[in-house]
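What the coordinates show
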Amino acid sequence: MSDSMNTTLWPVDTHRSETGGIAIAGHSLDDLASEYGTPLYVFSEAELRGNCREVLSAFRDAWPNTRVVYAGKAGLNGTLIQVVTEEGLGLDVVSSGELAITLAAGVHPAEISFHGNNKGPDELRGAVRAGVGKIVLDNLDEIDRIAAIAKEEGTTTSALVRLNPGVDVHTHRNISTGITDSKFGFPIANGQARDAVERLLAYPHIDLLGYHTHIGSQLFDSDAYVAAIDEAVAFGAEMRRDHGIEMRHLSPGGGFGIAYLDEDEPKPANYWAAVITGALRDALTRHDMPDPVLTIEPGRSVAGPAGVAVYRVGSIKEIPGTRTYVAVDGGMADNIRPALYEARYTAAVANRHPVVAGSRDVAVVGKYCESGDILIGHVSLPDVRVNDLLAIPACGAYCLPMASNYNGAFKPAVIMVGPSGVRVMKKRETREDLFRNDPVLEAVAARS
């Protein structure tokens with residue numbers, strides 16, 4: 001290996017080889033693309049483990065009684081779960097499907113937190129029967145529902161109440177979750193959070209451990225975090241004063257921002273640990289409250305920097321005076337974030353030394369029948385050619401879990417590279433996968 005890549009954007013073990021191709025953990029992306037096809041998602045085991053260790057160490061150094069749970073909505077599969085749990089993290093799930101995946105991967109139910117704004121009766125019953133450690137309650141209907149289920153099952157369920165602190169953040173509207181006009185949580189300001197706690201007190205089969213709040217995702221500004229913690233602790237103090245309820249657990253969520261572009265400057269885990277635990281300590285002191293168990297829920301900041309998407313260029317269309325379109329063999333079916341959030345990425349030619357003198361501003365677009373299927377609206381790519389490989393960093397979170405079969409697309413293969421070589425995390429889908437659960441197509445496949 002000769003040249004390290006920018007490790008703010010790329011996995012820590014990413015290099016350009018002497019022949020110019022990009023490699024991760026010593027594995028050439030060109031060789032991996034030849035073997036596993038494209039689009040291909042490549043995870044760095046070293047980056048993934050390093051991110052887990054960094055956040056766990058930072059928070060436990062600052063607040064020894066800290067739980068760190070990986071937010072599974074950022075992306076789940078058996079291999080990833082094995083890695084994050086080996087590194088000491090629990091899991092945060094938001095559906096019965098995520099819960100089933102997590103349990104099947106061997107996670108102890110006590111290390112699972114179950115979120116969601118509309119958990120159905122079957123989901124709640126499954127969580128209660130499994131012995132999930134913490135169920136985060138989001139609405140009054142859910143409180144009544146789980147109380148009845150716990151009573152029927154003859155057990156007591158541990159729960160947190162999700163608070164809406166009315167705090168705005170500087171992120172995209174679609175990933176801002178702490179404002180009053182949000183589908184998530186009980187607003188504190190209008191009294192609904194108090195109503196939720198008082199309703200819980202009528203149910204002996206629910207053990208209220210404390211409170212949860214999550215203000216949004218891809219955050220860089222700490223002020224909103226401090227404000228949310230202040231609101232949550234003040235609310236906990238009110239409930240202690242009025243109802244004698246100790247706040248034994250508090251979770252301010254996750255949402256730590258990562259770099260998607262060269263100019264992005266994400267804060268390290270020890271920064272967030274200092275801000276969050278400092279704000280918590282100040283608020284607890286003001287209200288004369290005992291220390292709770294602190295739960296942190298990183299997802300994007302753990303998995304995002306570990307994943308790189310690899311595409312092959314199929315065509316280049318230059319429209320004089322307008323734009324040059326570089327079309328790749330993936331797009332919004334495997335990464336809908338640019339269309340959904342206006343998310344921005346960068347890219348690099350991955351199979352050879354790019355000729356910098358030939359750089360030009362281009363749009364990297366997908367192959368799907370939508371004008372909005374644009375992965376990168378503007379990026380300077382040196383001398384890009386048909387059949388080149390393009391690698392896009394910071395694709396380890398939220399791309400794959402939102403992937404679809406739009407236009408009959410096969411979901412991509414996903415692999416992990418590291419000391420033990422190459423591990424397949426997800427096989428590339430096939431025609432049979434598209435036919436599955438469609439009785440007509442299954443019958444055709446059976447006859448062929």
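Here goes a summary of the coordinates provided. (Residues numbered from 1 in each chain as written. Predicted model: local features only at pLDDT ≥ 70, side-chain atom pairs only at ≥ 80, totals over all residues. Heavy atoms only, no water.)

1. Overview of unusual backbone geometry
Residue Pro 39 is bonded to the preceding Thr 38 through a cis peptide linkage, with omega at -5°. In this model, Ala 394 sits at a positive phi of 60°, which is unusual for a non-glycine residue. Structurally, Ala 394 can be placed in the loop between strand S20 (389-392) and strand S21 (413-418). Residue Ala 394 is classed as buried on the basis of its relative accessible area, which comes to 1%. Even without glycine at this site, Asn 407 takes up a positive phi of about 60°. The class for Asn 407 is partly exposed, based on a relative accessible area of 43%. (Helix = DSSP H or I, 4+ residues; strand = E, 2+ residues; numbered from the N terminus. Buried < 20%, exposed > 50% of the residue type's maximum accessible area, 1.4 Å probe, protein only.)

2. What to know about helix H9 (residues 269-287)
With 19 residues, H9 extends 27 Å from end C-alpha to end C-alpha; this agrees with the ideal 27 Å at 1.5 Å per step. Here the buried face of H9 lies against helix H2 (45-62), helix H8 (223-243), strand S13 (249-253) and strand S14 (293-296). Just beyond H9, the residue with positive phi is Asp 288, at close to 55°. (Expected span 1.5 Å × (residues − 1). Contact = heavy atoms within 4.5 Å.)

3. Quick notes on the nonpolar core
Of all hydrophobic cores here, the largest spans 105 residues; its most connected members are Tyr 70 and Tyr 211. A total of nine residues in this core trace back to one element, the largest contributor, which is H8. Each residue touching Tyr 211, except ones within four places of it in the same chain, is listed here: Leu 160, Val 161, Leu 163, Val 197, Phe 235, Gly 236, Met 239, Ile 245, Met 247, His 249, Leu 250 and Ser 251. By size, the runner-up hydrophobic cluster in this structure holds 20 residues, among which are Leu 9, Val 42, Ala 348 and Ile 415. (Core = buried A, V, L, I, M, F, W, Y, C linked by side-chain atoms within 4.5 Å.)

4. A short note on the side chain of His 214
Tracing the sequence through the fold places His 214 in the loop between strand S12 (206-212) and H8. By relative accessible area, which is 13% here, His 214 ends up buried. Here Gly 216 takes part through its backbone oxygen, which lies 3.2 Å from a polar atom of the side chain of His 214. Within the structure, His 214 has its side chain in polar contact with the backbone nitrogen of Gly 254 (distance 3.3 Å). (Polar contact = N/O pair within 3.5 Å; in protein donor to acceptor, adjacent residues only side chain to side chain.)

5. Examining the packing of aromatic side chains
Scanning the model with the defined rule gives eight aromatic pairs in all. Ring geometry for Tyr 225 against Phe 256: centres 6.0 Å apart, planes inclined by 40°, an arrangement best described as tilted. Here Phe 256 lies in the loop between S13 and H9 and Tyr 225 lies in helix H8, a separation of 31 residues in the sequence. Under the relative-accessibility criterion, Tyr 225 is labelled buried at 1%. Seen in terms of ring centroids, Phe 256 and Trp 272 are 5.2 Å apart; in terms of plane orientation they differ by 20°. Their pairing is stacked. Taken as a pair, Phe 256 in the loop between S13 and H9 and Trp 272 in helix H9 lie far apart in primary sequence, 16 residues in all. Each member of the pair, Phe 256 as well as Trp 272, carries the same accessibility label: buried. One aromatic cluster is present, built from ring pairs that chain together Phe 59, Tyr 225, Phe 256, Tyr 271 and Trp 272. Between the NZ or CZ atom of Lys 119 and the centre of the ring of Phe 114, over which it lies, the distance is 5.9 Å. (Phe/Tyr/Trp six-rings, centres within 6.5 Å; stacked < 30°, edge-to-face > 60°. Lys NZ or Arg CZ within 6 Å of the ring centre and 35° of its normal.)

6. Remarks on the side chain of Asp 388
Here Asp 388 is to be found in the loop between strand S19 (374-382) and S20. A distance of 2.6 Å separates a polar atom in the side chain of Asp 388 from a polar atom in the side chain of Arg 352. In this view, Asp 388 contacts Tyr 311, Arg 312, Val 313, Val 349, Asn 351, Arg 352 and Asp 383; residues no more than four positions away in its chain are not counted.

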